[in-house]
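# Survey of secondary and tertiary structure
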Amino acid sequence: MKKKALSLALCAAMTASLFVGCGSNSGSATGGESVDTSGELTWRIGGIGPITGGAAQYGQGVMNAIQLAVDEVNEAGGINGYNISFNFQDDEADQQKSVNAYNTLKDWGMQILEGTVTSGAGQAVSAETYADRMFMHTPSASSTDVTNGHDNVFQVCFSDPNQGKVSADYIKDNELATKVGVIYDSSDPYSSGVYQTFAAEAQAIGLEIVATEAFTADSKTDFTTQLQKCKDAEADLLFLPFYYTEGSIVLTQANQMGYAPVMFGVDGFDGLLSVENFDVKLAEGVYLLTPFAADADDEATKNFVSKYEEKFGGTPNQFAADAYDGVYILKKALESAGLTPEASAEEICEALITEIQNVSYDGLTGEGMSWNDKGEVSKAPKAVVIKDGAYASVD
């Protein structure tokens, strides 16, 4: 099997959030406002994401990693001499709850939004931030619908179109399959966006898709019909551009029916190994593309993973790594712009829109990361495969 280097233009942005490092507590597991007793002027950064519900692993990873980074920033003197106050709100990955969370943060005095974590919520909130001229920096909302028409929104994560294209190229280049089946969530902009560009690229490069099956949010517990159609079409690889909870069900039901194709997910599969009551042996050999591999041996990754595990337990996923990078990307842009928290949210937004496009950053999830005026980041992803119950880098 050939192993080729990957390159990718990804979606980008910034992130930042957490509690103030001086005179604050660490916040609760259910989110909420940090306690600031310092009496000092601080950056007021809000965060939104699911820390309860089916996508909680994503929001918890983002919240934890940002806490780690903000602690470090505050302990090192803050941003332009000012600490960060952070307020994180749970949206359960729901659009209306996310808008409600945004309004709560505005009432608190938020100057920059770190979030949202999921794309559906991001679509709703990005329209609000655009109207308010609030800088929005999302670690993991990857749909282009979050950024399209919103010059104030920037992403750290892969964009959906690029994930679909690079996945098709990787499967073709590394000869992982001759016949591909696709199962996707037609009710989810993230899943649909990845699928559409995957299908277009597969056609362009001669990768044969023999079955395409959809499901919706109302029918995501039984995939036997979709799996049977893929099996009947003799698909030897399934491309699965959706989230880890549904992924665990697909893997379980495929095993029950004796169907064992190569399983290939994207960044939404990150979290698969932590699904409650899921037999992780069924994930053996699953591929996914990610900008971060926790087993990488560079010093930055080892330091981050060690600190994360010590503070929170468990191995950080790529959402956590994107969020951690986001704090430092934001710090660099704010310092480059010479901003202080005395500026209004609108003044900060307008300055950051310009400044982030001049920033180049080396982080956990990429070297030389840079952003264009569409909010997209350019960086290279990594491929990982699940081996012996853990993620292993694919060279």
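Residues numbered from 1 in each chain as written. Predicted model: local features only at pLDDT ≥ 70, side-chain atom pairs only at ≥ 80, totals over all residues. Heavy atoms only, no water.

## Focus on the overall build of the protein chain
Along the protein chain, the regular secondary structure elements total eleven helices and 17 strands. Across the 395 residues in the protein chain, those meeting the buried criterion constitute 56%. A sequence separation of at least 24 residues applies to 73% of the contacts in the protein chain between residues at least 6 apart. Working note: accessible area of the protein chain is about 14800 Å², and carbon and sulfur atoms make up 44% of it. (Helix = DSSP H or I, 4+ residues; strand = E, 2+ residues; numbered from the N terminus. Buried < 20%, exposed > 50% of the residue type's maximum accessible area, 1.4 Å probe, protein only. Contact = heavy atoms within 4.5 Å. Areas by Shrake-Rupley, 256 points an atom, 1.4 Å probe, with all protein chains shown as cover.)

## With respect to a negative patch on the surface
Judged by side-chain charge, Asp295, Asp297, Asp298, Asp362 and Glu367 come together as a negatively charged surface patch. In this structure, Asp297 sits in the loop between strand S12 (287-290) and helix H9 (299-312). Judged by its relative accessible area of 65%, Asp297 falls in the exposed class. (Patch = residues over 30% accessible without salt bridge, like charges linked within 9 Å, V, L, I, M, F, W, Y side chains within 5 Å. Salt bridge = Lys/Arg side-chain N within 4 Å of Asp/Glu carboxyl O. Lys, Arg positive; Asp, Glu negative; His and termini not counted. Charge placed at Lys NZ, Arg CZ, Asp CG, Glu CD.)

## Observations regarding the packing of aromatic side chains
By the definition in use, this model includes 20 aromatic pairs. With a centroid separation of 5.6 Å and 20° between ring planes, the pair formed by Phe135 and Phe154 is classed as stacked. Residue Phe135 is found in strand S6 (residues 135-138), and its partner Phe154 is found in strand S7 (residues 153-155); the two are separated by 19 residues along the sequence. As far as the burial class goes, Phe135 and Phe154 line up, both buried. A ring pair is formed by Phe215 and Phe242, whose centres lie 5.2 Å apart and whose planes are at 85°; its orientation type is edge-to-face. Of this pair, Phe215 sits in strand S9 (residues 209-215) while Phe242 sits in the loop between strand S10 (237-240) and helix H8 (244-256), placing them 27 residues apart in sequence. When sorted by exposure, Phe215 lands in the same class as Phe242, which is buried. Lying over the aromatic face of Trp108, Arg44 brings its terminal NZ or CZ to 4.3 Å of the ring centre. (Phe/Tyr/Trp six-rings, centres within 6.5 Å; stacked < 30°, edge-to-face > 60°. Lys NZ or Arg CZ within 6 Å of the ring centre and 35° of its normal.)

## Topic: helix H10 (residues 318-337)
An α-helical segment advances 3.6 residues per turn. Residues three or four places apart therefore align on the same side. Taking 1.5 Å of rise per residue, the 20 residues of H10 would be expected to cover 28 Å, and the 28 Å separating its terminal C-alpha atoms lies within 8% of that figure. The buried fraction of H10 amounts to 15 of the 20 residues, a majority that puts the element mostly inside the structure. Immediately downstream of H10, the backbone of Gly338 shows phi near 70°, a positive value. (Expected span 1.5 Å × (residues − 1).)

## Describing the pairing of strand S4 (residues 84-90)
Walk down a regular strand and you will see the side chains alternate between the two sheet faces. Counting buried residues in S4 gives six out of seven residues, a clear majority hidden from the surface. Bridge count for strand S3 (residues 43-49) against S4 is seven bridges, and the pairing is parallel. Its bridge partner being in S4, Gly49 is matched across the sheet by Asp90. With respect to chirality, the unit in which S3 leads through helix H1 (residues 56-75) into the neighbouring parallel S4 is right-handed. (Pairing = 2+ DSSP bridges. Right-handed = clockwise from strand over helix to strand, strands pointing away.)

## Notes on the confidence of the model for the protein chain
Scored by pLDDT, the protein chain has a mean of 88; 90% of the residues are at 70 or more. Within the model, the stretch residues 1-30 combines pLDDT values under 50 with 155 contacts to residues more than four positions away or in other chains. (pLDDT = per-residue confidence, 0-100.)

## A closer look at the pattern of salt bridges
Counted under the stated rule, the structure contains 15 salt bridges. For the salt bridge of Asp169 with Lys165, the shortest nitrogen-to-oxygen distance reads 3.1 Å. On the criterion of helical spacing, the pair formed by Asp169 and Lys165 is a turn pair, its members being four residues apart in helix H5 (residues 160-173). Among the ionic pairs, Lys179 bridges to Glu234, the shortest N-O distance being 3.3 Å. Of this pair, Lys179 sits in the loop between H5 and strand S8 (180-185) while Glu234 sits in the loop between helix H7 (224-232) and S10; the two residues are 55 residues apart in sequence, bridging distant segments of the chain. By relative accessible area, Lys179 is classed as partly exposed at 27%.

## Examining the environment of Gly375
Here Gly375 is to be found in the loop between strand S14 (366-371) and strand S15 (376-378). For Gly375, a relative accessible area of 0% corresponds to the buried category. In this structure the C-alpha to C-alpha distance between Gly375 and Val156, which are 219 residues apart in sequence, comes to 8.9 Å.

## Notes on the sheet that holds S10
A sheet is described by the order of its strands in space; here seven strands give the open sequence S9-S8-S10-S11-S12-S16-S17, paired in mixed fashion. The open sheet has two free edges, formed respectively by S9 and strand S17 (390-394), since each of these has just one partner strand. Here the average twist between neighbouring strands, direction ignored, is 25°. Relative to S17, strand S16 (residues 382-387) runs antiparallel, the two sharing five bridges. Considered in S17, the bridge of Ala383 is made with Val394. (Axes fitted to C-alpha atoms, helices over the stretch in contact; angles between N-to-C directions.)

## Description of the environment of Thr224
Note on placement: Thr224 falls in helix H7. Overall, the relative accessible area of 36% leaves Thr224 in the partly exposed class.

## Some remarks on the side chain of Gln155
Here Gln155 is to be found in strand S7. Residue Gln155 is classed as buried on the basis of its relative accessible area of 0%. Only 2.7 Å separates the side chain of Gln155 from the backbone oxygen of Ala141, close enough to count as a polar contact. Within polar-contact distance, the side chain of Gln155 engages the backbone oxygen of Ser143 at 3.4 Å. (Polar contact = N/O pair within 3.5 Å; in protein donor to acceptor, adjacent residues only side chain to side chain.)

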